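Listed below, chain by chain, are the residues.
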Amino acid sequence: MSETLIFIPARSGSKRLKNKNIRKVNGKPLIYWTIKYAKMYAKKNDIIVSSDSKFIQKISVNEKIKFLKRPKYISGDKSEVYFAIIHALKKIENCNRYKYVAVLQPTSPIRPKNIITNSIKILKKNRRFQNLIHLERLYLNIGTIYKKKEWKPMFKKPTRSQDIVNQFRPSGCLFLYSTQDIEDYKKFKKRKIYGYFSKKNLETVNIDREEDFLKLNYLLKKNEK
């Protein structure tokens, strides 16, 4: 997979869950599980961790993975990962050898097998798409609260959850980008995105709340069995 750079973004700031990327899960820092996955599918030289954290730097060094210190101006709450990717590509020698950047978020450590390889095949086959995002299917009868506390459901008619067929959200497992003209931000924002979801119902988790850590611990122990 030498044509692909695996990029692991892991800034230190997190308002809702402090230091979540280094919090211990099943005896290891959260980011460890994503690094472990990346090492299964790529050479160490093709994996890079981008962070402003000294703790994450130490973990990366211990795992013999390239670490790139991320500047403060692209490490804030509202900083887009895109700019961290561009920063990394500018720092990598001979970065033109990479045709794709695969972004693996530490907060979504449970991933389908071969998700990167399969996703690259999809983009190569579907040339009108330059980006790909891994999705998970939802079955939620949701709605919106408007002014005066009025709630309006998304579906006009009473709908059973099993009848909801086209509802998805990003799983956080993978964001895949073609590097062609990636430095052009305006063009990048207009790219077509392929929505990829696995037919096999693998249970994933995206760490965003305290209860997500409990679920992740359970799933990791379950998968080890």
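**Q** When you look at the overall build of the protein in this model, what are you seeing that I'm missing?
**A** The helix and strand inventory of the protein stands at six helices and 11 strands. Taking 2.2 N^0.38 as the reference for a compact globule, 225 residues should give roughly 17 Å; the C-alpha atoms of the protein span a radius of gyration of 19 Å, in line with that estimate. Here the C-alpha coordinates of the protein stretch approximately 55 × 40 × 40 Å along the principal axes. Across the 225 residues of the protein, 43% fall into the buried class. In the protein, of all internal contacts separated by at least 6 residues, the share reaching a separation of at least 24 is 71%. Counting every atom, the protein has about 14400 Å² of accessible surface; 51% of that belongs to carbon and sulfur.

**Q** Teacher, can you tell me more about helix 4 (residues 115-125) here?
**A** Every α-helix winds through 3.6 residues per turn, so residues three or four apart in the chain are directed the same way. All of the buried residues along helix 4 are Ile115, Ile116, Ser119, Ile120, Ile122 and Leu123. Take helix 4 and look down its axis: the buried residues cluster within an arc of 160°, on one side only. Exposed side chains of helix 4 directed beyond 90 degrees from the buried face belong to Lys121 and Lys125. Those residues of helix 4 that are buried lie in contact with strand 1 (4-9), helix 1 (30-41), strand 6 (100-103), strand 7 (131-137), strand 10 (168-178) and strand 11 (193-197).

**Q** Got a minute to help me understand the pairing of strand 4 (residues 47-51) in this structure?
**A** Remember that side chains alternate between the two faces of the sheet whenever the strand is regular. A large share of strand 4 lies buried, amounting to five of its five residues. Of the two faces of strand 4, both are covered, the one formed by Ile47, Val49 and Ser51 as well as the one formed by Ile48 and Ser50. Where strand 1 lies against strand 4, four bridges are found, and the strand directions are parallel. In the strand pairing of strand 4, Phe7 is matched with Ile48.

**Q** What should I look at first to understand the pattern of salt bridges in this one?
**A** In a structure, side chains of opposite charge can pair up when their charged atoms sit close to one another. Scanning the entire structure with this criterion turns up seven salt bridges. Residues Glu136 and Arg169 are paired through a salt bridge, measuring 2.7 Å at the closest nitrogen-oxygen approach. Separated by 33 residues along the polypeptide, Glu136 in strand 7 and Arg169 in strand 10 bring together distant segments of the chain. Owing to a relative accessible area of 18%, Glu136 belongs among the buried residues under this scheme. The salt bridge partner of Asp208 is Arg209, with a shortest N-O separation of 3.5 Å.

**Q** Just checking my understanding: could you explain the sheet that holds strand 5 (residues 66-69) for this structure?
**A** Paired through backbone hydrogen bonds, the strands of a sheet run either parallel or antiparallel to each other. The strand order across the open sheet built from seven strands is 5-4-1-6-10-7-11, with neighbouring strands paired in mixed fashion. Where the open sheet ends on each side, the last strands, each with one partner, are strand 5 and strand 11. On average, each strand axis in the sheet is inclined to that of its neighbour by 30°, with strand direction left out of account. Sheet topology places strand 7 next to strand 11; five bridges connect them, and they run parallel. What sits directly across from Leu132, in strand 11, is Tyr194. Docked against the sheet, helix 1 engages strand 1 and strand 4, running at close to 175° with respect to strand 1.

**Q** Explain the packing of aromatic side chains here, please?
**A** The description of an aromatic ring pair uses the distance of the two centres, along with the angle that the planes make with each other. Per the stated rule, a full pass over the model turns up nine aromatic pairs. Summarising the aromatic geometry, the rings of Tyr82 and Phe188 are spaced 4.6 Å apart at their centres and angled 40° between planes, so their arrangement reads as tilted. Of this pair, Tyr82 sits in helix 3 (residues 81-91) while Phe188 sits in helix 5 (residues 185-189), and the two are 106 residues apart along the sequence. Pairwise contacts between aromatic rings join Tyr82, Phe83, Tyr177, Tyr185 and Phe188 into one cluster. In this arrangement the basic side chain of Arg23 is found over the ring face of Phe213, its NZ or CZ atom lying 4.2 Å from the centre. One Lys or Arg, Lys28, reaches over the ring of Tyr32 and ends 5.1 Å from the middle of that ring.

**Q** Please clarify how helix 2 (residues 54-62) should be interpreted in this entry.
**A** Among the residues making up helix 2, those that are buried are Ile56, Ile59 and Ser60. The buried residues of helix 2 occupy an angular sector of 100° when projected down its axis, which confines them to one face. Exposed side of helix 2, more than 90 degrees from the buried face: Lys54, Phe55, Lys58, Val61 and Asn62 are the residues found there. Taken together, the buried residues of helix 2 touch strand 3 (28-29), helix 1, strand 4 and strand 5.

Parameters at a glance
- The residue numbering used here restarts from 1 in each chain and proceeds along that chain's sequence as written.
- Owing to the predicted nature of the model, reporting of local features is limited to residues with pLDDT of at least 70; listing and counting of side-chain atom pairs is limited to 80 or more, with chain, interface and lining totals taken over all residues.
- Working from all heavy atoms in the structure, the side-chain values ignore hydrogens and water.
- Numbering of helices and strands starts at the N terminus; helices are DSSP runs of H or I of at least 4 residues and strands are runs of E of at least 2.
- Each radius of gyration reported is based on C-alpha atoms, and the globular scaling rule is 2.2 Å times the count of residues to the power 0.38.
- Residue burial is assigned from relative accessible area. The probe radius is 1.4 Å, only protein chains are included, and a residue is buried under 20% of its type maximum, exposed over 50%, and partly exposed in between.
- In this description, contact between two residues means that some pair of their heavy atoms is separated by no more than 4.5 Å.
- Here, Shrake-Rupley sampling with a 1.4 Å probe gives the accessible areas, and only protein chains in the shown set may cover a residue.
- The arc under discussion is defined with respect to the helix axis, by the directions toward the C-beta atoms.
- Strands are labelled as partners when DSSP assigns at least two bridges between them.
- Any carboxyl oxygen of Asp or Glu that lies within 4 Å of a side-chain nitrogen of Lys or Arg is treated as forming a salt bridge with it.
- Axis geometry follows a simple rule: fit a line to the C-alpha atoms, using only the stretch in contact for helices, then measure angles between N-to-C directions, giving values from 0 to 180 degrees.
- Centre distance within 6.5 Å is the pairing criterion for rings of Phe, Tyr and Trp, where only the six-membered ring of Trp is used; planes under 30 degrees apart are then read as stacked, over 60 as edge-to-face, and the remainder as tilted.
- Lysine and arginine charges are scored as sitting over a ring when NZ or CZ, respectively, is within 6 Å of the ring centre and within 35 degrees of the ring normal.

The values are spatial; any link to function lies outside them.
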